[in-house]
Amino acid sequence: RESFRADLESLPIVASVPRSGANFLLIQLEGSKAELAGQVRRGLLERHCIEVRDVSSEFPDVRPRLRVAVRSNEENTLLVDVLKDLPQQLSLSLA
């Protein structure tokens, strides 16, 4: 879990990933527009069949946030690898 969290935090699209003892991690994405989380969620699902949850609306500041399950090492690595390239694939602006 901790190495998965650290790998996610190393990505340019990720602002922070708080420590968690649960079977999921909360990812705060860079930028201030909640729509970014929805775009990333759709891109992951449509292009890679990876389901994550957009939880941006559950926080008062409505910054872009995703909840991801902690899975096997292989699945966690796949998500990190996909998130490395997804902003460019989708032409996302992180501003």
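Refer to the preceding data block for the structure.
These lines cover the structure that appears in this document, whether it is placed above or below. (Residues numbered from 1 in each chain as written. Predicted model: local features only at pLDDT ≥ 70, side-chain atom pairs only at ≥ 80, totals over all residues. Heavy atoms only, no water.)

### Observations concerning the packing of aromatic side chains
Per the counting criterion, the structure on display carries zero aromatic pairs. Seen from the ring of Phe59, Arg65 lies directly overhead, with NZ or CZ sitting 4.2 Å from the centre. Of note, Arg67 hangs over the ring of Phe24, and the distance from its end group to the ring centre comes to 4.5 Å. (Phe/Tyr/Trp six-rings, centres within 6.5 Å; stacked < 30°, edge-to-face > 60°. Lys NZ or Arg CZ within 6 Å of the ring centre and 35° of its normal.)

### Quick look at the pattern of salt bridges
One pass over the structure, following the stated rule, counts eight salt bridges. What emerges from the salt-bridge pattern is a single network uniting Glu2, Arg5, Glu9 and Arg19. (Salt bridge = Lys/Arg side-chain N within 4 Å of Asp/Glu carboxyl O.)

### Observations concerning unusual backbone geometry
Unlike most non-glycine residues, Cys49 shows phi in positive territory, near 55°. Structurally, Cys49 can be placed in the loop between helix H2 (35-48) and strand E3 (53-54). Notably, Val62 is not glycine yet its phi reads approximately 50°, a positive angle. With respect to the helices, strands and loops of the structure, Val62 is situated in the loop between E3 and strand E4 (65-69). (Helix = DSSP H or I, 4+ residues; strand = E, 2+ residues; numbered from the N terminus.)

### Digging into the sheet that holds E3
Strand order in this open sheet of four strands is E1-E2-E4-E3, and the pairing throughout is antiparallel. Looking at which strands have only one partner, the edges of the open sheet turn out to be strand E1 (14-16) and E3. Relative to E4, strand E2 (residues 24-29) runs antiparallel, the two being bridged by five bridges. Residue pairing across strands places Leu26 opposite Arg67, the latter belonging to E4. With respect to the sheet, helix H1 (residues 2-9) is in contact with E1, E2 and E4, its orientation differing from that of E2 by roughly 10°. (Pairing = 2+ DSSP bridges. Contact = heavy atoms within 4.5 Å. Axes fitted to C-alpha atoms, helices over the stretch in contact; angles between N-to-C directions.)

### With respect to the packing of H1 against helix H3 (residues 73-89)
In the contact formed by H1 and H3, the axes pass within 10 Å of each other and the chain directions differ by 5°. In terms of orientation, H1 lies roughly parallel with respect to H3. Facing H1, whose interface residues are Phe4, Asp7 and Leu8, H3 presents Asn76, Leu79, Val80 and Leu83. Considering only residue class, the contact of H1 with H3 consists of five nonpolar, one polar and one charged. (Parallel < 35°, antiparallel > 145°, perpendicular 65-115°, else oblique. Nonpolar A, V, L, I, M, F, W, Y, C, P; charged D, E, K, R; others polar.)

### Focus on the pairing of E2
Inspection of the sheet shows E1 paired to E2 by two bridges, in the antiparallel sense. By the bridge assignment, Val14 is partnered in E2 with Leu29.

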